[in-house]
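# Fold and contact review
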Amino acid sequence: MLDYTHTVFYQIYPRSFKDSNNDGIGDIQGIIQEIPYLQWLGIKAIWLSPIYESPNDDYGYDVSDYYKIQEEYGTMEDFKQLIQVAKQHDIEIVLDFIANHTSTKHKWFQEALNNPNSPYRDYYYFRKGTKDTPPNNWLSFFGTSAWQKAEDDMWYLTLYTNTQADLNWQNPNVRNEIQVIMNYYLDLGVAGFRLDTINTIDKPDDLPSVKTWKPTPQFPGEYILNGPRVLTYLQELQQNVFKPHDAFALGEGVLIDIDTAIQYCSGTNPPLNLVFQFDFATLGYGKLGKYDPRNFYRTTPKDIKDSIRPWQQAMKDHHFMIGNYISNHDHKRPLGRFVDASMEHRRNAAKALAVFNFAQYGVPFIYQGEEIAMTNPQLSKQDWKDYETFHACKAMTKLLFIPPRLAERIASSMTRDNARTPMHWNNKPYAGFSTCEPWIKMCEDFSTINVEQEKNDPDSTLRFYRRLIQIHEKTPCLSEGVFIEVIKEHPNVFACYRFCKDEYAFILVNLSNESQSVSLPDRTLYDMRNKKSLLTNYKPIFLQENLVLEPYETHVFLKKGNA
Ligand code: TEU
Ligand code: CA
């Protein structure tokens, strides 16, 4: 089993990481080229976003053949080589696995669609409505009706894009097929899976409409999230797939609540090692998600602190772990969202967020580009690539009555495309990602923000990340240690204490762009008073009761034994 407790994970979105054959699209050989970079950074495991054959309506999250590698990314041979090269560099591959749905191009679905009597019909949710109205009023995650028409009055369920058909996990053949595919990849040598939208695989048999007086489709959270049978299905996977291979399993818990996470990850024989929670990532969003501006995307340092506290408490009470992250491929980059991305503050803010992420109990995840403090590009409608963006934009107008021009502006600002611009390797054209125009717009600032530059600058975000990862690896209390938050009431400064055995860490992060005074209660210092910062984005200081922290100033203090 991957020693995930002591591991720092790095998420690769393959389409945008590195293009080896210069067709503008990232690929597996590109990843292989950069494995030494990831080893240098201190990464022990990669979460690889999907590389299976896909028509790309959701860039790989719509799988048309689980046994084939997407041609533009390479071949199965390339993939095997990646696993081997990574292992030679002490890095394990954790593969994204999409079990909630397949592409409508998948042969199971094609059979199901073309032949109503095919056993494959029952692999999916085919249900009768009328000729013009779908079986129920469900809204998809992406802002359209969750139903597509098959024939006459027959419809099928698609909770994401209209070409991602939801699999019927009640059918034992579906579960069996999924297990066979997973075992195939484990036999190839992957260390485990990140299970895409795993808490939505169980739906109530009668698929009831959401109760409402409104004529428009409604988000069916109460019916599709955390269904009672998810746990049973996960236990079956554990028995037939994870256990026999001693494999690692991480569940994406879409909008998951703490009690459900406890069910999946805690207790004597939990089916999952980790889950991702959404409370931090969705801060500032409205009820309907990132394209619902009704909360004005306002996120204060206090919101950030509050979002993680209940999870930290639950982990302590129920002895389990989650994966912690500040960015991934589904949300715009954190600089400019949670913190100030201005020239003056960008670097310090990126470092402060990094420490905030690593300070928490749980396993730290880094998303490609985060380690060099990549920012969000300036996008407009003609730059959009993501299905969600197009449809959410329409939904804003239809469901929230936002004028089209404003809806477009919000969509450009919030689109997932923001996080999917090509990785910046150097200051050459197309940032060394490719020598020809990439599939998606570049972020404008690559000539000053790129890996090469950052490597050569001792004060860079990249060097800071590398040091943070080294410290994390050498300091058990930062991975296993009990988490105790102090000065909870401080509106802008996050502070915590971590300890295990005879090792103690104290962490301070100013999450705001203004200087802040901090008075630490005497007892929170234990005997760490006068300890000098081990890591900081300003000048090292000595830990004292009363301090003034500059914008985004952060410090890590460490005490081992009586030293
Ligand atoms: O995301 C699941 C999910 O909840 C989505 O709603 C996601 O958060 C979206 O960005 C919300 O605005 C997973 C993948 O991470 C995502 O990339 C896929 O599009 C989705 O599943 C469908 O496979
Ligand atoms: Ca390529």
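Report on the accompanying structure. (Residues numbered from 1 in each chain as written. Chains lettered and ligands numbered in written order. Predicted model: local features only at pLDDT ≥ 70, side-chain atom pairs only at ≥ 80, totals over all residues. Heavy atoms only, no water.)

The next point concerns the side chain of N137. Checked against the element boundaries, N137 lands in the loop between β7 (126–128) and β8 (147–151). Judged by relative accessible area, which is 18%, N137 ranks as buried. Here the side chain of N137 touches V210 through a polar contact of 2.8 Å, landing on its backbone nitrogen. Among all residues touching N137, those that are not within four sequence positions of it are S209, V210, T212, P217 and Q218. (Helix = DSSP H or I, 4+ residues; strand = E, 2+ residues; numbered from the N terminus. Buried < 20%, exposed > 50% of the residue type's maximum accessible area, 1.4 Å probe, protein only. Polar contact = N/O pair within 3.5 Å; in protein donor to acceptor, adjacent residues only side chain to side chain. Contact = heavy atoms within 4.5 Å.)

The calcium ion (ligand 2) binds to the protein through D19 (OD), N21 (OD1), D23 (OD), I25 (O) and D27 (OD); the donor distances cover 2.2 to 2.3 Å. Sequence positions of the residues that donate to the calcium ion (ligand 2) give the spacing D-x1-N-x1-D-x1-I-x1-D. For D27, a relative accessible area of 3% corresponds to the buried category. (Donors = N, O, S within 2.8 Å, 3.2 Å for Na, K, Ca; no water.)

As for its position among the elements, V451 is in helix α13 (residues 451–455). According to the relative accessible area criterion, V451 is buried, its value standing at 5%. Through-space distance from the C-alpha of V451 to that of Y37 is 9.5 Å; in sequence the pair is 414 residues apart.

Under the definition given, this model contains 30 salt bridges. Ionic pairing is found between R229 and D202, a salt bridge with its closest N-O pair at 2.8 Å. One end of the pair, R229, is in the loop between α6 (221–224) and α7 (230–245); the other, D202, is in the loop between β11 (192–196) and α6, and 27 residues separate them in sequence. For R229, a relative accessible area of 22% puts it in the partly exposed group. Salt bridges linked by common partners bring D58, K290, D330, D386, E388, R416 and R420 together as one network. (Salt bridge = Lys/Arg side-chain N within 4 Å of Asp/Glu carboxyl O.)

Here we come to the nonpolar core. Judged by nonpolar contacts, the single largest core of 165 residues is most densely connected at F79, Y185 and F193. A total of nine residues in this core trace back to one element, the largest contributor, which is helix α10 (residues 346–359). If sequence neighbours within four positions are ignored, F193 has contacts with V94, L95, F97, M182, Y185, L186, V241, F242, F248, A249 and L250. Counting 15 residues, the second largest nonpolar core, distinct from the first, contains I487, F506, L520 and L543. (Core = buried A, V, L, I, M, F, W, Y, C linked by side-chain atoms within 4.5 Å.)

Checked against the element boundaries, D166 lands in strand β10 (residues 164–166). At 2.8 Å, the side chain of D166 and the side chain of K203 are in polar contact. The residues touching D166, leaving out its near neighbours within four places in the chain, are N100, H101, Y123, Y124, Y125, L157, T158, L159 and K203.

Further remarks concern the pairing of strand β16 (residues 482–486). Pairing analysis gives five bridges linking β16 to strand β17 (residues 493–500), with the strands arranged antiparallel. Its bridge partner being in β17, V482 is matched across the sheet by F499. In textbook terms, the turn of a hairpin is the stretch between consecutive antiparallel strands, and for β16 and β17 this stretch comprises six residues, one of which, I487, has a positive phi near 35°. (Pairing = 2+ DSSP bridges.)

Attention now moves to the site of ligand 1. Around ligand 1 lies a shell of 18 residues, among which D58, D196, K290, D330 and E388 are the nearest. Between ligand 1 and the protein, one listed contact pairs an oxygen atom with a side-chain N or O atom of R194 at 3.1 Å. Between H329 and ligand 1, the recorded distance is 2.9 Å, taken from a side-chain N or O atom to an oxygen atom. Protein burial of ligand 1: of its 490 Å² of free accessible surface, 95% is covered by the chains. (Near = heavy atom within 4 Å. Areas by Shrake-Rupley, 256 points an atom, 1.4 Å probe, with all protein chains shown as cover.)

Now for helix α8 (residues 258–265). Within the span of α8, buried status applies to T260, A261, I262, Y264 and C265. Each element contacted by the buried residues of α8 is listed here: α7, β13 (274–276) and α9 (301–318). By the N-cap criterion, in which a side-chain oxygen at the helix start approaches the backbone nitrogen of a residue two or three places on, α8 is capped by D257, the distance to D259 being 3.2 Å. Directly after α8, the chain includes G267, whose backbone phi takes a positive value near 100°.

One pass over the structure, following the stated rule, counts 44 aromatic pairs. Ring geometry for F483 and F494: centres 6.3 Å apart, planes at 25°, overall stacked. Here F494 lies in strand β17 and F483 lies in strand β16, a separation of eleven residues in the sequence. The exposure class of F483 is buried, given its relative accessible area of 5%. F494 gets classed as buried once you look at its relative accessible area, which sits at 0%. (Phe/Tyr/Trp six-rings, centres within 6.5 Å; stacked < 30°, edge-to-face > 60°.)

The next subject is the sheet that holds strand β22 (residues 554–560). Strand order in the open sheet made by the five strands is β16-β17-β18-β22-β20, with antiparallel pairing throughout. Each edge of the sheet is formed by a strand with only one pairing partner; in this case those strands are β16 and β20 (535–536). Set on the sheet, α9 makes contact with β16 and β17; between it and β16 the angle comes to about 145°. (Axes fitted to C-alpha atoms, helices over the stretch in contact; angles between N-to-C directions.)

Helix packing geometry: the angle between the two helix axes and the distance between the axes. Contact pair α10 / helix α14 (residues 461–474): the axes reach a minimum separation of 10 Å and the direction vectors enclose 15°. Judged on the interaxial angle alone, α14 and α10 are roughly parallel. For α10 against α14, the interelement crossing comes out right-handed. Taken together, the residues of α14 that come into contact with α10 (itself represented by R347, A350, K351, A354, V355 and F358) are T461, F464, Y465, L468, I469 and H472. Across the contact of α10 with α14, the residue classes tally to eight nonpolar, two polar and two charged. (Parallel < 35°, antiparallel > 145°, perpendicular 65-115°, else oblique. Left-handed = near helix turned anticlockwise from the far one by under 90°. Nonpolar A, V, L, I, M, F, W, Y, C, P; charged D, E, K, R; others polar.)

In this section: unusual backbone geometry. Negative phi characterises most residues that are not glycine, and trans characterises most peptide bonds. With a phi close to 60°, F296 is a non-glycine residue in the positive phi region. Relative to the elements of secondary structure, F296 occurs in the loop between β13 and α9. Despite not being glycine, Y552 has its phi angle at roughly 55°, a positive value. Turning to its location among the elements, Y552 is positioned in the loop between β21 (546–549) and β22.

Keep in mind these values describe shape, not function.
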